[in-house]
Amino acid sequence: MNSKYTPLFESFNLGKKLEVKNRLVMAPMTNFSSNPDGTVTDAEVNYYERRSKGVGMVITACTYVTANGKGFHGEFGGDQDELLPSLNRLASAIKTEGAKAILQIFHGGREVPPELVNGDVVSASNIPSEGEGKAVPRPLSEKEIESIIFDFGETTRRAIEAGFDGVEIHGANGYLLQQFFSPHSNRREDKWGGSLEKRLTFPLAVVDEVKKAVAKHAKDPFIVGYRFSPEEPETPGITMDDTLALIDGLVTKDLDYLHVSLMDFWSKARRGTDVDRPRIEIIKERIGDQVPLIGVGSIYTADDAIKALQSGVPLIALGREIIIDPEWVQKVEQGREAEIVTKINKGNQQQLDIPDPLWQAIIHSPGWFPGIE
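Here's what I pulled together on the structure shown here. Numbering of residues starts from 1 in each chain and follows the order in which that chain's sequence is written. Local features in this predicted model are restricted to residues whose pLDDT is 70 or higher, and side-chain atom pairs enter the listing and the counts only when it is 80 or higher, whereas totals over whole chains, interfaces and linings include all residues. Heavy atoms throughout the structure, all of them, feed into the side-chain values; hydrogens and water do not.

**Remarks on the packing of helix 2 (residues 84-96) against helix 3 (residues 142-162)**
For clarity, the cut-off: Geometry is summarised by axes, namely lines fitted to C-alpha atoms with helices restricted to the contacting stretch, and by angles between N-to-C directions that run from 0 to 180 degrees. Labels follow the DSSP assignment, with helices taken as runs of H or I lasting at least four residues and strands as runs of E lasting at least two, numbered in each case from the N terminus. Note on angle classes: values under 35 degrees are labelled roughly parallel, values over 145 roughly antiparallel, values of 65 to 115 roughly perpendicular, and the remainder oblique. Here a crossing is taken to be left-handed if its near helix is turned anticlockwise relative to the far helix by less than a right angle, and right-handed if that turn runs clockwise. Should any heavy atoms of two residues lie within 4.5 Å, those residues are counted as being in contact. The classification used treats Ala, Val, Leu, Ile, Met, Phe, Trp, Tyr, Cys and Pro as nonpolar, Asp, Glu, Lys and Arg as charged, and all other residues, Gly among them, as polar.
Between helix 2 and helix 3, whose axes approach to 8 Å, the crossing angle comes to 55 degrees. In terms of orientation, helix 2 lies oblique with respect to helix 3. Crossing of helix 2 against helix 3: the hand is right-handed. Contacts between helix 2 and helix 3 involve Leu84, Leu87, Asn88 and Ala91 from the first element and Arg158, Glu161 and Ala162 from the second. Class assignment of the residues belonging to the contact of helix 2 with helix 3 gives a composition of 4 nonpolar, 1 polar and 2 charged.

**What to know about the nonpolar core**
Put simply, the rule is: Here, nonpolar core means buried Ala, Val, Leu, Ile, Met, Phe, Trp, Tyr and Cys residues that are tied together by side-chain atoms lying within 4.5 Å of each other. The rule is simple: take the accessible area with a 1.4 Å probe, protein chains only, and divide by the maximum for that residue type; under 20% is buried, over 50% is exposed, in between is partly exposed.
Ranked by internal contacts, the top residues of the largest apolar core, which has 97 residues, are Phe164, Ile169, Phe202, Tyr226 and Leu258. No other element matches helix 3, which puts 7 residues into this core. Apart from residues no more than four positions distant in its own chain, Tyr226 is found in contact with Glu168, Ile169, Gly171, Leu177, Pro203, Val207, Leu250, Leu255, Tyr257, Leu258 and His259. Among the nonpolar cores identified, the runner-up in size contains 15 residues, and Phe12, Val25, Ile102 and Ile223 belong to it.

**What to know about the sheet that holds strand 10 (residues 257-260)**
Heads up, the rule is: Pairing between two strands requires that DSSP report at least two bridges joining them.
Sheet architecture is closed into a barrel: 8 strands sit in the order 3-4-5-8-9-10-11-12, paired in parallel fashion. Sheet twist, expressed as the average angle between the axes of neighbouring strands with direction ignored, equals 30 degrees. Bridge count between strand 8 (residues 166-171) and strand 9 (residues 223-228): 6 bridges; the pairing is parallel. Across the sheet, residue His170 finds its bridge partner in strand 9, namely Arg227. Lying over the sheet, helix 2 contacts strand 4 (57-64) and strand 5 (100-106), oriented at roughly 140 degrees with respect to strand 5. Together, strand 5, strand 8 and strand 9 form the strand contacts of helix 6 (residues 201-217), whose direction differs from that of strand 9 by roughly 165 degrees.

**Here we look at empty space enclosed by the protein**
We apply this condition: Cavities and pockets are defined on a 1 Å grid built over the protein atoms alone: a cavity is a set of grid points where a 1.4 Å probe fits but cannot escape, while a pocket is an open set with protein on both sides within 12 Å along at least five of seven lines, and lining residues are those with an atom within 4 Å of any such point. Grid points are joined across faces, edges and corners, and a volume is the space filled by probe spheres set on the points.
Under the counting rule described, the total for this entry stands at 1 cavity of 30 Å³ or more. Estimates place the volume of the largest cavity at around 50 Å³. If you trace the largest cavity, you find it lined by Gly171, Leu177, Gln178, Phe181, Pro203, Tyr226, Phe228, Ser229, Ile238 and Leu246. Sorting the residues of the lining of the largest cavity by element identifies helix 4 (176-181) and strand 9 as the ones contributing at least two each. At 3 residues, the largest contribution of residues to the lining of the largest cavity is made by helix 4. A breakdown of the residues in the lining of the largest cavity according to their chemical character gives 7 nonpolar, 3 polar and no charged.

**Describing the side chain of Ser261**
The criterion, for reference: What qualifies as a polar contact is a pair of N or O atoms within 3.5 Å, subject to a donor-acceptor requirement within protein and to the restriction that residues adjacent in sequence count only when both atoms come from side chains.
Its location among the elements puts Ser261 in the loop between strand 10 and helix 8 (279-287). A distance of 2.8 Å separates the side chain of Ser261 from the side chain of Asn173, its partner in a polar contact.

**Examining the layout of surface pockets**
Here the largest pocket defines a volume of roughly 1,200 Å³. Asn173, Tyr175, Arg227, Ser261 and Met263 are the residues nearest the centre of the largest pocket, which is lined by 50 residues in total. The set of elements that each furnish at least two residues to the lining of the largest pocket consists of strand 4, helix 4, strand 12 (315-318) and helix 10 (320-324). Each residue belonging to the lining of the largest pocket can be placed in one class, and the counts come to 19 nonpolar, 19 polar and 12 charged.

**Remarks on the environment of Phe32**
By secondary structure assignment, the location of Phe32 is in the loop between strand 3 (24-26) and helix 1 (42-51). Residue classification places Phe32 among the partly exposed residues on the basis of a relative accessible area of 29%. Through-space distance from the C-alpha of Phe32 to that of Ser298 is 21 Å; in sequence the pair is 266 residues apart. Excluding residues that lie within four positions of it along the chain, Phe32 makes contacts with Phe72, His73, Gly74, Pro357, Leu358 and Ala361.

In structure tokens, the structure reads:
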């Protein structure tokens, strides 16, 4: 190995509980490839297994905690005990290759396709996402909110029983937890919305419920992380100032890591505090050493990864790049970083173990996957 990249392969203790063998993480990415009943497919398992051989930790695609939160066609489920064998199969495939297996849990809220939920799209308020043809969601009742919070705890229990090493609460990318935190989507006037403090109530209650489930059911060390998006383009919308308040709330919850969702690791703040500084710097500065941070976004080469690690962020997630080159980590570890592939070849689907639904999404979304050959 080139000594320049040695820091990428130092082990790391998450929450002083679980040792991750290196600083590289497979980022959570939807693959659209599960069965209609919410079970994982052979192709999906092969896809994860292939990419689990080098990274220290794999965070799965999001799994819905309740049926009306299913956000995608071809998404695997975690909302009922009948899915435990499916969840166990995925956890085992990842862990057999030496990576820690983290199940990302979520509810899609107003972003779910109406046909997946019999047209009953729900959110914090009746505000649709911006864009043509977006469904107008139904505001959740207080009883329904409490039920969904409970569902997050139940899916955490299933993750424990299925053999996962942890869960990541998905509070990013415009889904339900973010919808409650956002002044764009949350116009409530009860305890679940209104002020910034009240908009934090639902996300923090979900964290509390997940932590409670871990305390009750986990016999071995079990990781709890939280993913968030730092800003929204909408007005009103989440600003960097809002996100710093969210971070302040999350660091009091004794989480094992925070995970910032970015398309570009070095992207700059749009509005709020310290405009024109990279968001990752602002976030890391606010967190300090209170909780580990995972950074992600357009990291393709070994040099990209080591530069990101040198920012002080202790864990670096590979998203699109580990789809493009499943052996990325091994190549760096073996001193073969010059062989890393950074563009996807249209003829290489089988060689890359990419399930067909994900492959079709890649091929037909060149803006998502730059450099398709």
